[in-house]
Amino acid sequence: MELEQVLQLLDQEHQVHFFLETARIAGVSLHERTFAEYIEPILTEMGFQVEYDGAGDKLGSDSGNLIAYWQGTDPDAEPILFSAHMDTILDSSGCQPEIREGVIHADGRSILGSDDRSAISAYIEGIRAVQASHMPCGPIELLFTIDEQHGLCGARELDVKKIRSRNGYIFDHPGDVGQVICRSPYWRPFNIWFRMKNGAAGGHISEKADLSNAFDMGTEAYRNMERGYFDDHQTAVMVGILRGGEVSSIVPGELYMRGEVRSYRREFAARRLEQLRRACERAALAYHGTVDFQVESGYEGYEIDESNPAYRCFQAAAESSGVTWYPDQVLGGADTNFLRSHGINCLTLGNGYRDTHTFQESISVRNLENMARMTVSMIYHWYRQNKM
């Protein structure tokens, strides 16, 4: 069976309908069960063995990560993984999308849900074509994660022992289909608590209280923090949350600050975090207060080169399916970062959604179709590249 014959079995109209159906299923983060219950029987009917891990128990979700495995026509061949996340940032169940000039648009009252239901619909449409054609292939594994939107939590808590594949792909980036992320940053969120020595709120303004407060301390630190882009845009530093105070008449005794450092180089991230820590400690000393500076582990960065087997397969798949491909780097992460930390050689690919997480979200029918074409083509080339 030639690849082009299999690609001709893809049904664009069916795929668009299926995407719109999946996008309208409720499934905000930590409430993915309704979507999982919808997709599980579809996968079972396709011959997949479906199971869940225990990530939901750790995270407080009503579902675990969904893991599905189909043995293909050659069960002894090297398996390939396709992953996406089930959760959406907001409820998309009420969306009434419109298709205009080949682009699917949200209705302006809710999000579209293309992040990341578009990938799930493409995988299933592509695998259906593979199965209908009886194209020779090895095992195919699907991983649909929970709670991605809150910081890739489902992938972080994945029971990796349940995953058989060592290589895979995730369509989950705004670039058009054909984009492959070859460089992703180390992500280090930080939390800072500035406290006056009394440890709590100070006196009332009517009592001639000492008006020196945690806001002064935090503001001094913030002013001396080196924020922005550094190292030729290889590193970014920002503070996104400032929170403190109880009522306007009480001197605030505590201020909370949260931010993050992202860098393509681990040592660059560490250097920036140390500068932030020193700025905070100097401010605490100046205002006779205390500071608690804590750095979360975040996720690890990575770089992909042309010798990577998943990269070589992607490149061959794009060229044989008529998709223009291009390598890219972004100061952002995906489930890919944690899957790679778990020992799975995974790549992030563009799926072409636009204005994601907004009521103006959209995705082109062409990108939907190309995702399915790439799914088929990667299955085809992976089997031939790794055939025993």
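Please refer to the structure placed before this passage.
Note that this is a predicted model, so its numbers are computed, not measured.

**So, helix α8 (residues 266-286)**
- Here α8 contains 21 residues, and its C-alpha end-to-end distance of 31 Å stays within 8% of the 30 Å for a straight helix at 1.5 Å per residue.
- Of the residues making up α8, those classed as buried are F268, A269, R272, L273, Q275, L276, A279, C280, A283 and A284.
- The secondary structure elements touched by the buried residues of α8 are β9 (186-196), α7 (214-224), β10 (228-230), β11 (235-244), β12 (254-263) and β13 (289-295).
- Positioned one or two residues after α8, H288 has a phi angle of 55 degrees, which is positive.

**Structural notes on the environment of I25**
- Topologically, I25 is positioned in the loop between α2 (12-23) and α3 (33-45).
- A relative accessible area of 11% places I25 in the buried class.

**Here's the deal with the packing of aromatic side chains**
- Following the criterion strictly, the structure yields 12 aromatic pairs and no others.
- Ring centres of F18 and Y38 lie 6.5 Å apart, and the angle between their planes is 25 degrees; this geometry places the pair in the stacked category. With F18 in helix α2 and Y38 in helix α3, this residue pair connects regions lying 20 residues apart in the sequence.
- Residue class for F18 comes out buried when judged on its relative accessible area of 6%.
- Measuring from centroid to centroid gives 5.7 Å for F190 and F293, while their planes differ by 10 degrees, and the two rings are stacked. You can see F190 sitting in strand β9 and its partner F293 sitting in strand β13, a full 103 residues away along the chain. Neither residue differs from the other here; F190 and F293 are each classed as buried.
- Grouped by ring-pair contacts, the aromatic residues F82, Y123, Y169 and F171 constitute a single cluster.
- Across the ring face of F35, the terminal group of R117 is positioned such that the distance to the ring centre comes to 4.1 Å.
- When the ring centre of F268 is taken as origin, the NZ or CZ atom of R265, which lies over that ring, is 4.7 Å away.

**Comments concerning the side chain of S29**
- Relative to the helices and strands, S29 resides in the loop between α2 and α3.
- The exposure class of S29 is buried, given its relative accessible area of 9%.
- Leave out the neighbours within four places in its chain, and S29 touches D87, T88, D147, Q149 and H150.

**Describing a nonpolar patch on the surface**
- A contiguous nonpolar patch, built from I89, L90 and F359 and spanning about 220 Å² of accessible area, is present on the exposed surface.
- Mapped onto the secondary structure, I89 falls in the loop between β3 (80-85) and β4 (98-100).
- Classification of I89 as partly exposed rests on a relative accessible area of 31%.

**Notes on the pattern of salt bridges**
- Counted under the stated rule, the structure contains 21 salt bridges.
- R156 is paired through a salt bridge with E157; the nearest N and O atoms lie 3.0 Å apart.
- The network of salt bridges with common partners includes K58, R156 and E157.

**Quick notes on the sheet that holds β4**
- Pairing in this open sheet of 3 strands is antiparallel, and the strands run β4-β5-β17 from one edge to the other. This sheet does not close on itself; its edge strands, each paired only once, are β4 and β17 (362-364). For this sheet, the mean angle separating the axes of adjacent strands, direction not counted, is 25 degrees.
- In the sheet, strand β5 (residues 103-105) pairs with β17 via 3 bridges, with the strands oriented antiparallel. Bridge pairing in β17 places V103 opposite S364.
- Sheet contacts for helix α11 (residues 365-386): β5 and β17; angle to β17, the most-contacted strand, approximately 65 degrees.

**Focus: the sheet that holds β10**
- Ordered in space as β10-β11-β12-β9-β13, the 5 strands form an open sheet in which the pairing is antiparallel. The outermost strands of the open sheet, each flanked by one partner alone, are β10 and β13. Averaged over neighbouring strand pairs, the angle between their axes works out to 20 degrees when direction is ignored.
- Of the strand pairs in this sheet, β10 and β11 are connected by 3 bridges, and their pairing is antiparallel. Residue pairing in the sheet places Y229 in a bridge with A236 of β11.
- Its contacts with the sheet put α8 on β9, β10, β11, β12 and β13, and the angle it makes with β13 is roughly 165 degrees.

**Observations regarding the nonpolar core**
- Judged by nonpolar contacts, the single largest core of 74 residues is most densely connected at I39, F144, Y169 and M378.
- Considering every element that reaches this core, the biggest residue donor is α11, with 10 residues.
- Among residues more than four places away in sequence, those in contact with Y169 are I80, L81, F82, S83, Y123, A310, C313, F314, C346, L347, L349 and M378.
- Listed in part, the 22 residues of the second largest apolar core include M196, A214, A221 and V239.

**Details of unusual backbone geometry**
- With an omega of 20 degrees, the peptide bond running from D115 to D116 counts as cis.
- Position of D116 relative to the elements: it lies in helix α5 (residues 114-133).
- Backbone geometry places D231, a non-glycine residue, at a positive phi of 55 degrees.
- Locating D231 in the fold gives a position in the loop between β10 and β11.
- Look at H233: it is not a glycine, yet its phi comes out positive at around 65 degrees.
- Locating H233 in the fold gives a position in the loop between β10 and β11.
- Given a relative accessible area of 54%, H233 falls into the exposed group.

Quick notes on the rules
- Residues numbered from 1 in each chain as written.
- Predicted model: local features only at pLDDT ≥ 70, side-chain atom pairs only at ≥ 80, totals over all residues.
- Heavy atoms only, no water.
- Helix = DSSP H or I, 4+ residues; strand = E, 2+ residues; numbered from the N terminus.
- Expected span 1.5 Å × (residues − 1).
- Buried < 20%, exposed > 50% of the residue type's maximum accessible area, 1.4 Å probe, protein only.
- Contact = heavy atoms within 4.5 Å.
- Phe/Tyr/Trp six-rings, centres within 6.5 Å; stacked < 30°, edge-to-face > 60°.
- Lys NZ or Arg CZ within 6 Å of the ring centre and 35° of its normal.
- Patch = residues over 30% accessible without salt bridge, like charges linked within 9 Å, V, L, I, M, F, W, Y side chains within 5 Å.
- Areas by Shrake-Rupley, 256 points an atom, 1.4 Å probe, with all protein chains shown as cover.
- Salt bridge = Lys/Arg side-chain N within 4 Å of Asp/Glu carboxyl O.
- Pairing = 2+ DSSP bridges.
- Axes fitted to C-alpha atoms, helices over the stretch in contact; angles between N-to-C directions.
- Core = buried A, V, L, I, M, F, W, Y, C linked by side-chain atoms within 4.5 Å.

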